Every structure is written in structure tokens, then in C-alpha cells.
Amino acid sequence: MGYIGETVDSIKSIKIRQLLTQAVTLGMIVTSALIIWKALMCVTGTESPVVVVLSGSMEPGFKRGDILFLHMTKEPIRAGEIVVFSVDGREIPIVHRAIKVHERKNTKEVDVLTKGDNNDIDDIGLYAEGQMWLHRHHIMGRAVGFLPYVGWVTIIMTEKPIIKYILIGALGLLVITSKD
Amino acid sequence: MHSFGYRANALLTFAVTALAFICAIASFSDKFSNQNPSAEIQILNINRFKKQSRGNDEVSLTLDIAADLQSLFTWNTKQIFAFVAAEYETPKNSLNQVSLWDAIIPAKENAKFRIQVSNKYRFIDQGHNLRGKEFNLTLHWHVMPKTGKMFADKIVMSGYSLPDAYR
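Cut-offs used in this document
Think of each chain on its own: its residues are numbered from 1, step by step along the sequence as written. By the order in which they are written, chains take letters starting at A while ligands take numbers starting at 1. Reporting of local features is limited, given that this is a predicted model, to residues whose pLDDT is at least 70; pairs of side-chain atoms are given and counted only at 80 or more, and all residues count toward the totals for whole chains, interfaces and linings. Hydrogens are left out, water is left out, and the side-chain values use all remaining heavy atoms of the structure. Strands here are runs of E lasting at least two residues and helices are runs of H or I lasting at least four, both read from the DSSP assignment and numbered beginning at the N terminus. Each radius of gyration reported is based on C-alpha atoms, and the globular scaling rule is 2.2 Å times the count of residues to the power 0.38. Whether two residues are in contact is decided by their heavy atoms: any pair within 4.5 Å suffices. Neither His nor the chain ends is counted toward charge; the positive residues are Lys and Arg and the negative residues Asp and Glu. Taken as the charge location is NZ of Lys, CZ of Arg, CG of Asp or CD of Glu. UniProt positions are given in the numbering used here, feature names are shortened, and annotations may be inferred rather than shown by experiment. Domain limits in this description derive from either an automatic procedure or a database domain assignment. Summed over both partners, buried area is the accessible surface (1.4 Å probe) that two parts give up on being assembled. When a carboxyl oxygen of Asp or Glu lies within 4 Å of a side-chain nitrogen of Lys or Arg, that pair is called a salt bridge. Any N or O atom pair separated by 3.5 Å or less is treated as a polar contact, with the protein-specific requirement of one donor-capable and one acceptor-capable atom, and with residues adjacent in sequence counted only for side-chain atom pairs. All amino acids are sorted into three groups, where Ala, Val, Leu, Ile, Met, Phe, Trp, Tyr, Cys and Pro are nonpolar, Asp, Glu, Lys and Arg are charged, and the leftover types, Gly among them, are polar. By definition, two strands form a pair when at least two bridges between them are found by DSSP. Put simply, a patch holds well-exposed residues, over 30% relative accessible area, that have no salt bridge, with like charges counted together within 9 Å and Val, Leu, Ile, Met, Phe, Trp or Tyr side chains within 5 Å. Only the protein chains shown count as cover for residues, and all accessible areas are computed by the Shrake-Rupley method using a 1.4 Å probe. Relative accessibility thresholds used throughout: buried, under 20% of the residue-type maximum; exposed, over 50%; partly exposed, between the two (1.4 Å probe, protein chains only). To pair, rings of Phe, Tyr and Trp, with the six-membered ring standing in for Trp, must have centres within 6.5 Å; the planes then decide the type, stacked if under 30 degrees apart, edge-to-face if over 60, and tilted in the middle. Placement of a positive charge over a ring is assigned whenever Lys NZ or Arg CZ falls within 6 Å of the ring centre and within 35 degrees of the normal to the ring plane.

*Asks:* What is the right way to read the overall build of chain A from this model?
*Replies:* Within chain A, the regular secondary structure consists of three helices and six strands. Secondary structure elements of chain A, listed N to C terminal, follow the sequence α-β-β-β-β-β-β-α-α. By the compact-globule yardstick of 16 Å for 180 residues, chain A is too spread out, its C-alpha radius of gyration being 24 Å. Structurally, chain A occupies a C-alpha span of about 90 × 35 × 30 Å along its principal axes. Residue pairs in contact within chain A that sit at least 24 positions apart in sequence constitute 55% of those at least 6 positions apart. A gap of 3 Å separates the mean positions of the 20 positive and 19 negative side-chain charges of chain A.

*Asks:* What's the story with the UniProt feature "domain: Peptidase S24/S26A/S26B/S26C" (unreviewed entry) in chain A in this structure? I'm lost.
*Replies:* If you check UniProt for "domain: Peptidase S24/S26A/S26B/S26C" (unreviewed entry), the listed places come out as residues 36–143 of chain A in our numbering. In this annotation, residues 36–143 of chain A is assigned 8% helix and 31% strand; the end-to-end C-alpha distance for the span is 20 Å.

*Asks:* Could you clarify how one ought to interpret the domain arrangement of chain B in this entry?
*Replies:* A common measure of how large an interface is: the accessible area buried when the components associate. All names here are of chain B. We note that the domain assignment places domain 1 (1–31) and domain 2 (33–161) within chain B. Each partner contributes to the interface: domain 1 provides six residues, whereas domain 2 provides nine residues. Overall, the association of domain 1 and domain 2 removes approximately 650 Å² of surface from exposure, summing both partners, and the carbon and sulfur fraction of that is 44%. Of all residues in domain 1, the largest losses of buried area upon contact with domain 2 belong to Ala26, Ser27 and Asp30, amounting jointly to 67% of the total for that side. Our count for the domain 1 to domain 2 interface comes out at zero salt bridges. Our count for the contact surface shared by domain 1 and domain 2 stands at three residue pairs in polar contact (both at pLDDT 80 or more). Of the residues assigned to the side of domain 1 that touches domain 2, the class counts are two nonpolar, two polar and two charged.

*Asks:* Would you take a moment to explain the interface of chain A and chain B for this structure?
*Replies:* Residue-level contacts link 31 residues of chain A with 33 residues of chain B. Each partner contributes to the roughly 2,500 Å² buried at the junction of chain A and chain B, and carbon and sulfur atoms together form 52% of this total. Scanning the region where chain A abuts chain B turns up one salt bridge. Note that Lys105(A) and Glu89(B) form a salt bridge whose closest N and O atoms lie 3.4 Å from each other. Where chain A packs against chain B, one counts 20 residue pairs in polar contact (both at pLDDT 80 or more). Where the side of chain A that touches chain B is concerned, the elements lending two or more residues are β4 (94–104), β5 (110–115) and β6 (139–147) of chain A. Element by element, the count of residues in the side of chain A that touches chain B is highest for β4(A), at seven residues. Each residue belonging to the side of chain A that touches chain B can be placed in one class, and the counts come to 13 nonpolar, four polar and 14 charged. Direction of pairing for β4(A) relative to strand β4 (residues 93–105) of chain B: antiparallel, over a ladder of five bridges.

*Asks:* Mind showing me how you'd approach unusual backbone geometry here?
*Replies:* For residues that are not glycine, phi is negative in most cases, and the peptide bond is trans in most cases. A cis amide bond links Glu59(A) to the next residue, Pro60(A), at an omega of -5°. Following the sequence through the fold, Pro60(A) ends up in the loop between β1 (50–52) and β2 (67–71).

*Asks:* Can you help me understand a nonpolar patch on the surface in this one?
*Replies:* All names here are of chain A. Nonpolar side chains collect at one region of the surface, where Tyr149, Trp152, Ile156, Ile162, Ile163, Ile166, Leu167 and Ile168 lie side by side and expose about 820 Å² of accessible area between them. Among the elements of the structure, α2 (152–159) and α3 (161–177) are those that each provide at least two residues to the nonpolar patch. In terms of residue count, α3 provides more of the nonpolar patch than any other element does, five residues in total. Residue position: Tyr149 is located in the loop between β6 and α2. Given the relative accessible area of 64%, Tyr149 is considered exposed.

*Asks:* Would you mind showing me how to read the pairing of strand β2 (residues 57–68) of chain B here?
*Replies:* Within a regular beta strand, the side chains point alternately toward one face of the sheet and then the other, so they alternate between its two faces. All names here are of chain B. A large share of β2 lies buried, amounting to 11 of its 12 residues. Sheet topology places strand β1 (residues 38–51) next to β2; 12 bridges connect them, and they run antiparallel. Note that in β2 the partner of Phe49 across the bridge is Val59. What sits between β1 and β2 in their antiparallel hairpin is a turn of five residues, with Gly55 showing a positive phi close to 105°. Sheet topology places β2 next to strand β6 (residues 123–124); two bridges connect them, and they run antiparallel. Looking at β6, one finds that Glu58 is bridged to Ile124. Where β2 meets strand β5 (residues 112–118), seven bridges bridge the pair, whose relative direction is antiparallel. The residue bridging Asp64 from the neighbouring strand is Gln116, located in β5.

*Asks:* What's the story with the packing of aromatic side chains in this structure? I'm lost.
*Replies:* Working definition: an aromatic ring pair is given by the centre-to-centre distance plus the angle between the planes. This model, assessed by the stated rule, comprises nine aromatic pairs over all chains. Between Phe28(B) and Phe32(B), the aromatic rings sit 5.6 Å apart at their centres with planes inclined by 90°, giving edge-to-face as the arrangement. Positioned above the aromatic ring of Phe81(B), the side-chain terminus of Arg97(A) is 3.6 Å from the ring centre.

Following this line, the structure appears as C-alpha cells:
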């Protein structure tokens, strides 16, 4: 009786230790991904260093599903730059090109008008009610580089959330059932 | 260690790493291209020059734009976005840039061109400072690669001016 009890205890304790190790490993993976993301935010100076192109308004340059690398410096905004901006009331940022820039003399404040390359009209219709220009604080970053097609993963996961759940479920299963 | 899952994982990781490396090298190779673009712009006609009811000046003009941007195309170039902007200074603003015309150049063959066109976007000032105003016409281009870093540059042409009176 005594040593059966001992064996049962030792089996139980191994399982718990293994479980804890796996939980810690998972936690480490998640936190290191978060660290990398936050570090990228610091280096590029913008809240979203990588964005996925969602619409076709910048075709044929940027197609839906491409990802853009953003960077924000204190350099003044100039015409021709591809800027990412958010409008009050809309949660999704927009990536378009600045076509008109008016910079004030002393304060360095700037009025910017943007337009998507593939659109016929400028973005005044997209701005908030009564807003004619974008200002510095609306602009989150400039696009400096891009990779094609990689963003489709994000689009699929956002538009068909069931795939996201399946993926996370499968990953979770893999972690739990792996023996090492 | 030799299960299908492990092999698929290793293969996928290696493929993604190799792909990322190739994209980075493709982008890096753009640094070595020899570039000498040229451009010339003439104002053919000032069609209209008036003050709007809201008080801002507006100009409509016809431009003759001749450019050769063929040397900017590399094997990693998807397209070049070119635009002409009028740049000038006013008492209130240290810099005004107004895009007058733009075009997407999809291939090297289309990069040498000469066109006469009236301004695609309205040339409207913030105020009424445009009479007799001297301004630069700058041809900007934005090289959009198949993958990687984007480059932008410009040619500034100065010496243009608007008439002293409305017409």
C-alpha cells in the first residue's frame, strides 16, 4: 500500500512539473514576441510599425494583402510621401499619398491633403465632418518598404475568425501533446 | 525527431528565412544602379487665374512635360510614381507644395515621354498670394520595388512665375 501510494505520488508530481514547464515555455514564447513588437515600435517611432494593406486604393503599387513597413521621424511631411493616418471616428488607419502640403512659417504646423493613387478624387470625403486637411498628429508614420502577399494571413484571420480559432486550437493541442 | 510534423516545421522555417534573405538582397541590389534621370517642363498657357468666392486664388494651366526616367528602372522595380508639384512660399506659409499632375509608369518603355496636359488637380492657394508669384516646378518620382525599400527623389526646376493680374 505504502509504495503504491509513493508511485502514484511520483507520477502525479512528474505530470505537474511537465505541465508547469510547458506553461512557462509557452509564456516565454508569447512574451518574447511581445518584446520584439514593442522594441520595433520604439525603433520605428510609430505605434504600428507594420500594417497590412486592406483596400485597393493604392494599386497597382500596393495590393490588398501586402504589408508595409512604417517609420516616423521628426522630418517634415512633404508631398509624394506615402503616409499612414487615422481619422477621428474611424478605427482603421488609411495608407495614401500626400498630394498637397502647406507648412506654416513659424510653428512648423502643416496642412496635408492625401489621395489614393488608384482613386479619382482626393480624400476630403474620408476626413471627419468639416475637416479639410490632415495635421501632424493625425499622421502615424511614413511607408518606407513593403513585402508582397505576406499580409493575407492577417486578412484571412480577421475576416474569417473561425480560422484563427482553429489555428490557436491546433497550436495549443501540439504544445500539450508534445512529449519533450 | 523524424516525424512529419518536425520535418514540415523545419522545412517551413528554412523556406521563410531563405525567402526573407532573398527579398533583402533584392532590395539591397537597388543601391548599385546608375541613375541619371532628366526632365524639362514648360508652361504652355495660363488658362484661368482668379480668386474664388471663398477668397483663395486658383490657377488653371497647361504644362508641357518631357522626362526620361528610364535609368531609374531596375530588375526589382514594380512601377514608378511620378508627379509634378508647384512649390512656392507665401507670407503665412514657409512652404506650399501643390501636386498638379501625376502618373504611374509601369515599365521602362513608358518612362521616356513628352505630354501636354492641363493640371489634374486644382492649384488652389491658402489665401490670395499668387499674383506675380515665382514658383518652382518639381518633378518627383517614387520608385516602388517588387519587394523591399522604396526610394524617392526629385528634380527641381525654377524660374516659373504667374502673371501679375487675374485673368
